[in-house]
Amino acid sequence: MTHARYFVGPPRRPEIRHDNGFLDQFRPRQPTAADRQGYRKWKGRLELAEAVQGVPYAPKNNIPDALAAYRHFLTGRGAARTFSYERYVAGDPSGKATLQSAILEAMAAAYELHGSAVPSGNGSFNFTGGAIPCGAGKTGPFPYPATENWQKAIGAHVIWISGDVTVQRSKESSAPRFALTLIVHAEDRYNFNPGAADIATGIPDDENGVFEITGLAKQYMNVATLTRHVTWAGAPASSFEVLMQPWLRQRQPGDNRRIRNRL
């Protein structure tokens, strides 16, 4: 069973609604001197945190993706930012679980659609799916990020899946063979929310939300894609061979000029 509806056709972004953080509840206003001082304080904390990344025994020395995301919040002027889902999959247990679930989703969708898409039993088609929320819980097929680095960098987010499928049915076997190239599309609106607080430190979102209200910092869209190729025969099972070939340049945090809230 899949967690979204799938349709034969080229990739098409489903309808996804993101919140606007503090801008949903507060009207924009001009920054005060105290607001500007607070902004300088948080930018200074960011720079200190960047300086200790990778330094043994230093506090918060392994949150590079969180720092990259937070820097863009402070200085990116609201422009969309591309992050690396490859790094999330490689560095967070929840990322690994999400990838496995996404592959199983895509395999099930390919199998369910192939009968109508290629009735002759041989041919190619593509498909696209609906939005899948990631982070509704700590467990499940699409869990909330497990590490502080990714909790701060993307937190709860949304994915959708598209795929290109080739189906071949041989005379020797009744089970069709599938070759699937799937793309996981991920997105998250990076902002802060009234009443929320950082999981790791407990610092309230208000400290950074005021920067959204005053325009000192800007919420923005985090986007990413990840590609995998899978082959199998017959109905997909829970175990499969994945050709772990990302085909994508892996962005490093330094590419974005290097917290979410709270270093």
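In this report, we go over the structure that sits alongside the text. Counting restarts for each chain: residues are numbered from 1 in the order of the written sequence. The model is predicted, so local features are restricted to residues of pLDDT at least 70 and side-chain atom pairs to those at 80 or more, both for listing and for counting; the totals for chains, interfaces and linings are taken over all residues. Neither water nor hydrogens contribute to the side-chain values; these are computed over all heavy atoms in the structure.

A closer look at the overall build of the protein
Our working definition: Runs of H or I in DSSP of at least four residues are treated as helices and runs of E of at least two as strands, each being numbered from the N terminus.
Looking only at helices and strands, one finds six helices and eight strands in the protein. From first element to last, N terminus to C terminus, the protein shows the α and β order β-α-α-β-α-α-β-β-α-β-β-α-β-β.

What about the pattern of salt bridges?
Which entries qualify depends on this criterion: When a carboxyl oxygen of Asp or Glu lies within 4 Å of a side-chain nitrogen of Lys or Arg, that pair is called a salt bridge. For every residue, the accessible area obtained with a 1.4 Å probe (protein chains only) is divided by the maximum for its type, and the residue is called buried under 20%, exposed over 50%, and partly exposed between those limits.
Enumeration over the complete set of coordinates arrives at ten salt bridges. Here Lys60 and Glu148 are joined by a salt bridge, their closest N and O atoms 2.7 Å apart. Taken together, the residues span a long stretch of sequence, with Lys60 in the loop between helix H1 (33-51) and helix H2 (64-75) and Glu148 in helix H5 (residues 148-153) at a distance of 88 residues. Its relative accessible area of 21% is what places Glu148 among the partly exposed residues. Between Asp198 and Lys152 there is a salt bridge whose closest N-O contact spans 3.1 Å. Placement of the pair is Asp198 in the loop between strand S6 (177-190) and helix H6 (206-214) and Lys152 in helix H5, with a sequence separation of 46 residues. Across the pair, Lys152 and Asp198 agree in class, each one buried. In the salt-bridge network here, residues are joined through shared partners; they are Lys60, Glu148, Lys152 and Asp198.

Looking at the pairing of S6
As a reminder of what qualifies: In this scheme, strands are said to pair when DSSP sees at least two bridges between them.
Note that strand S5 (residues 157-168) and S6 share eleven bridges and pair antiparallel. Residue pairing for S6: Trp160 is matched across the bridge by His185. Here S6 runs beside strand S7 (residues 220-233); their pairing, made up of 14 bridges, is antiparallel. Across the sheet, the residue bridging to Leu180 is Val230, located in S7.

Some words on the packing of H2 against H6
So the rule is basically this: To obtain each axis, a line is fitted to C-alpha atoms, and for helices this fit is confined to the stretch in contact; angles are then taken between N-to-C directions over 0 to 180 degrees. Any two residues having at least one pair of non-hydrogen atoms within 4.5 Å are treated as being in contact. Amino acids are sorted into nonpolar (Ala, Val, Leu, Ile, Met, Phe, Trp, Tyr, Cys and Pro), charged (Asp, Glu, Lys and Arg) and polar (every other residue, Gly among them).
Where H2 contacts H6, the two axes come as close as 10 Å, and the packing angle between them is 35°. Contact residues: H2 offers Tyr70, Phe73 and Leu74, while H6 offers Asn208, Phe211 and Glu212. When its residues are assigned to classes, the contact of H2 with H6 shows four nonpolar, one polar and one charged.

Here we look at the pairing of S7
Within S7, ten of the 14 residues are buried, leaving the element largely enclosed by the surrounding structure. Sheet topology places strand S2 (residues 81-82) next to S7; two bridges connect them, and they run parallel. Among the inter-strand pairings, Arg81 is bridged to a residue of S7, identified as Asn222.

Observations concerning unusual backbone geometry
A positive phi angle is found at Tyr57, which is not glycine, with a value near 70°. For Tyr57, the location among the structural elements is in the loop between H1 and H2. Of note in the backbone geometry, Arg77 takes a positive phi value of approximately 60° without being a glycine. Summarising the element assignment, Arg77 is placed in the loop between H2 and S2. What makes Arg77 exposed here is its relative accessible area of 78%.

Structural notes on the packing of H1 against H6
Quick note on the threshold: Small angles under 35 degrees read as roughly parallel and large ones over 145 as roughly antiparallel, with 65 to 115 read as roughly perpendicular and the rest as oblique. Each crossing is labelled by how the near helix is turned from the far one, with a counterclockwise turn of less than a right angle marking it left-handed and a clockwise turn marking it right-handed.
Remark: H1 packs on H6, axes separated minimally by 10 Å, with the N-to-C direction vectors making an angle of 125°. By the angle between their directions, the pair H1 and H6 is classed as oblique. H6 is crossed by H1, and the crossing has left-handed handedness. Residue-level inspection shows Asp35, Gly38, Tyr39, Lys41 and Trp42 of H1 in contact with H6, the latter providing Glu207, Asn208, Val210, Phe211 and Thr214. Its residues assigned to classes, the contact of H1 with H6 comprises four nonpolar, three polar and three charged.

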